[in-house]
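Listed below, chain by chain, are the residues.
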Amino acid sequence: MRILIHGINFHPEPTGIGKYSGEMAAELVAMGHEVRVVAAPPYYPDWRIGDGWRNGYSRHEWKGVDVWRVPLWVPAQPSGLKRIIHLTSFSVAALPVLARQLLWRPDMVMVVAPALTSAPGGWLTARLSGARCWLHVQDFEVDAAFELGLISANGIVRKLVTGIEQWLLRRFDRVSTISWRMLDRTRSKGVERERLVFLPNWVNDQAARPFTGPSRYRQELGIAEDAIVALFSGTLGGKQGLELLPKVAQRIRSHPKLVMVICGDGVMKPHLEQACAGMDNVRMLPLQPAERLAELLHTADIHMLPQNPGAADLVMPSKLSGMLGSGRPVVTTTEPGTELAHVVSECGRVVPPGDDRAFADALIELADSPALRQQLGHRANQYAQKHLIRSVVLGRLDRCLQACVTHTTAGVELPRESTQTPK
């Protein structure tokens, strides 16, 4: 098939949507499809155009993927209104490039959201070229913007924006998203069950296999071999509830073996560096290269996953896949009943959002219980092997793409009626 992927983030962005969109495109090429991508130059998570890239129109090839770059405005300090302008600038600049794809006549146009502002251009390209159209929702940016206070929750504005969102969702032949609860939310917005596809963010097969050999990270960071490492690795963004971590670090300072490692880049990094200054039980790292991801994740004895309560079931953290695949227990902050709570309660500890004392107590409990860590870590890896391995997830995507283009449902598993996370 000829597959056109339209989304703001793409390789070589090392985390989040760009990482997964890049891996998906490369895998589809390996499966024999022709793939084009219309994306912005890399700018995330630093919120600046990456070194060696220019903020303009360009075209290049990567792993057999034909990549078309589109300029956009990147705010140094993103806020609600600035984010809207930022996303809109990309969507408008992409229109002439999308128009050029009509001559290519794709079989499938896949829009990756965020940004939902890209959906109209992607949908129109599909309809004018006779292609099928697919919307992949990484998070519900509209709901999250209201819940997190990025956009004023004025009743009229909210009704108007959500109305436009629901109208767009119903225009697509398929809508996929990364968690079962997010699928439920999509259905509540008027999308028929038959159009829905469960497409979770995956973990690379290598990262889900036991890591052999000593971790160089302990030596590089001056961490004793018998220390218990509690790791957060990912984008240091505003919706993760990361302001909790310095408070937790303060509470566990007296523990003789617990060491906290915070790895990542983003808008919260200066705050975390300042708040953790002088704490000898905290190490900070910039984002690490993809080829060292498996080693980094297996350096941890415990993974930390703080979350902003306003984003519950609106954003399923993509970093969770790697955590589970590494076979280590997870400590997260979320409300009972969310899908994140369902998953982590089987392989770690769930504590109330913002409760640094409960988070610290959970870390200490796991640090002092090697057998419990092993048991919970085994469950985590089992879940990843069953549901989150890249070959399994993208194999299902390939079948669903084929079925959508040929207007069949053969071999395609429809989303389950229950909101319960699969065990």
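Here, every reference points to the structure presented above.
Counting restarts for each chain, with residues numbered from 1 along the sequence as it is written. In view of the model being predicted, local features appear only for residues whose pLDDT reaches at least 70, and side-chain atom pairs are presented and counted only at 80 or more, with totals across whole chains, interfaces and linings using the full set of residues. Hydrogens are left out, water is left out, and the side-chain values use all remaining heavy atoms of the structure.

A. Quick peek at the environment of G22. Helix and strand assignments follow DSSP, with helices taken as H or I runs no shorter than four residues and strands as E runs no shorter than two, numbered in order from the N terminus. Residue placement: G22 occurs in helix α1 (residues 16-30). In this structure the C-alpha to C-alpha distance between G22 and V37, which are 15 residues apart in sequence, comes to 9.3 Å.

B. Broad picture of the pairing of strand β4 (residues 65-69). Buried residues dominate β4, accounting for five of its five residues. Of the two faces of β4, the one carrying V65, V67 and R69 and the one carrying D66 and W68 are both buried. Across five bridges, strand β3 (residues 58-62) lies against β4 in antiparallel orientation. Counted as the bridge partner of R59 is W68 from β4. In sequence, β3 turns back onto β4 through a hairpin of two residues, with K63 there showing a positive phi of about 50°. The classification of residues rests on relative accessible area computed with a 1.4 Å probe and restricted to protein chains. Under 20% of the type maximum is buried, over 50% is exposed, and intermediate values are partly exposed. In this scheme, strands are said to pair when DSSP sees at least two bridges between them.

C. Highlighting the sheet that holds strand β13 (residues 330-333). Strand order in the open sheet formed by six strands is β11-β10-β9-β12-β13-β14, and the pairing between neighbours is parallel. The strands lining the two open edges of the sheet, one partner per strand, are β11 (282-285) and β14 (348-351). Taking the axes of each pair of neighbouring strands and ignoring which way they run, one obtains an average angle of 20° across the sheet. Sheet analysis places β13 next to β14, joined by four bridges and oriented parallel. Across the sheet, the residue bridging to V331 is R349, located in β14. With axes taken as lines fitted to C-alpha atoms, and helix axes fitted only over the stretch in contact, angles between N-to-C directions fall between 0 and 180 degrees.

D. Region of interest: the pattern of salt bridges. Salt bridges are counted wherever a side-chain nitrogen of Lys or Arg sits within 4 Å of a carboxyl oxygen of Asp or Glu. Counted by the stated rule, this structure contains 18 salt bridges. With a shortest N-O distance of 3.5 Å, R195 and E192 are connected by a salt bridge. The exposure class assigned to R195 is partly exposed, which follows from its relative accessible area of 27%. Two residues, E220 and R292, come together in a salt bridge whose shortest N-O distance is 3.3 Å. A residue pair is termed long-range when its members are at least 10 positions apart, and E220 in helix α7 (residues 216-221) and R292 in the loop between β11 and α10 (293-299) qualify at 72 residues. Looking at E220, the relative accessible area reads 48%, which means it is partly exposed. With relative accessibility at 14%, the residue R292 sits in the buried group. Salt bridges sharing common partners tie together R216, E220, R292 and E295.

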